[in-house]
Amino acid sequence: MAIRNIRTEGDEILRKKCKEVTGLTPKITTLIEDMVETMYDANGVGLAAPQVGILKRIVVIDAGEGLHVLINPVILETDGEQTGGEGCLSVPGKTATVTRPNYVKVKALDREMKEFVLEGTELLARAICHECDHLEGVLYVDKAESPIMDSEAYYEKYKEENE
Ligand code: ZN
């Protein structure tokens, strides 16, 4: 396994649409392992393949309750909404307010290319939406409802609303 270089905003690859994974290859398996390692190393909640420069529909997420690997994820259902601070490893050190569904149901393939369904609320729902957006070339800054601020300053300013 290896830690890969995380692409940052301004890199064109983050704006491209990703292609479906059609089969497991050693290359894909290594990519997933590296994405997991890279996400944990950067203390991220999620990471999408384009963030390490690969235009494939793969995301990894750990919102604090365990690792999820989603290949070719498709959001099936959303419900409710949550408004709060959001950040991205590709926009390091920054945070802005984004409204997301509070519940998300997604189907995807696992690391054996078997289909499964994942349901998430709160942070997991936010992460699923954020990472799936990456596969379409969309960054959270496109959806920000506040200025994009240094994270520390953001949480100081919006502390009361986030409590
Ligand atoms: Zn991101």
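Above this text is the structure in question.
Residues numbered from 1 in each chain as written. Predicted model: local features only at pLDDT ≥ 70, side-chain atom pairs only at ≥ 80, totals over all residues. Heavy atoms only, no water.

## A closer look at unusual backbone geometry
Part 1: With phi around 50 degrees, N72 is a residue other than glycine that occupies positive phi space.
Part 2: Tracing the backbone through its elements, the reader meets N72 in strand β3 (residues 68-79). (Helix = DSSP H or I, 4+ residues; strand = E, 2+ residues; numbered from the N terminus.)

## Quick look at helix α1 (residues 26-41)
Part 1: With 16 residues, α1 should cover 22 Å at 1.5 Å per step; its first-to-last C-alpha distance of 22 Å lies within 8% of that length.
Part 2: Within the sequence span of α1, burial applies to I28, L31, I32, D34, M35, V36, T38 and M39.
Part 3: On the buried face of α1, the contacting elements are β1 (46-48), β2 (58-61) and β3.
Part 4: Once α1 finishes, N43 follows within two positions and takes phi at roughly 55 degrees, a positive value. (Expected span 1.5 Å × (residues − 1). Buried < 20%, exposed > 50% of the residue type's maximum accessible area, 1.4 Å probe, protein only. Contact = heavy atoms within 4.5 Å.)

## Section: the sheet that holds strand β5 (residues 91-100)
Part 1: With antiparallel pairing, 3 strands are arranged side by side in an open sheet as β4-β5-β8. Looking at the sheet topology across the chains shown, the edges are occupied by β4 (82-88) and β8 (149-150).
Part 2: Where β4 lies against β5, 6 bridges are found, and the strand directions are antiparallel. Residue pairing for β5: G84 is matched across the bridge by V98.
Part 3: Along the sheet, helix α2 (residues 122-135) contacts β4 and β5; its crossing angle with β4, the most-contacted strand, is approximately 55 degrees. (Pairing = 2+ DSSP bridges. Axes fitted to C-alpha atoms, helices over the stretch in contact; angles between N-to-C directions.)

## Overview of the packing of aromatic side chains
Any two aromatic rings considered together are summarised by their centre-to-centre distance and by the angle between their planes.
Part 1: For the coordinates displayed, the defined rule picks out 2 aromatic pairs.
Part 2: When the ring of Y154 is compared with that of Y155, the centres are 5.0 Å apart and the planes differ by 90 degrees; the resulting orientation is edge-to-face.
Part 3: Measuring from centroid to centroid gives 4.5 Å for Y154 and Y158, while their planes differ by 35 degrees, and the two rings are tilted. As far as the burial class goes, Y154 and Y158 line up, both buried.
Part 4: By the ring-pair criterion, three or more aromatic residues cluster together here, those being Y154, Y155 and Y158. (Phe/Tyr/Trp six-rings, centres within 6.5 Å; stacked < 30°, edge-to-face > 60°.)

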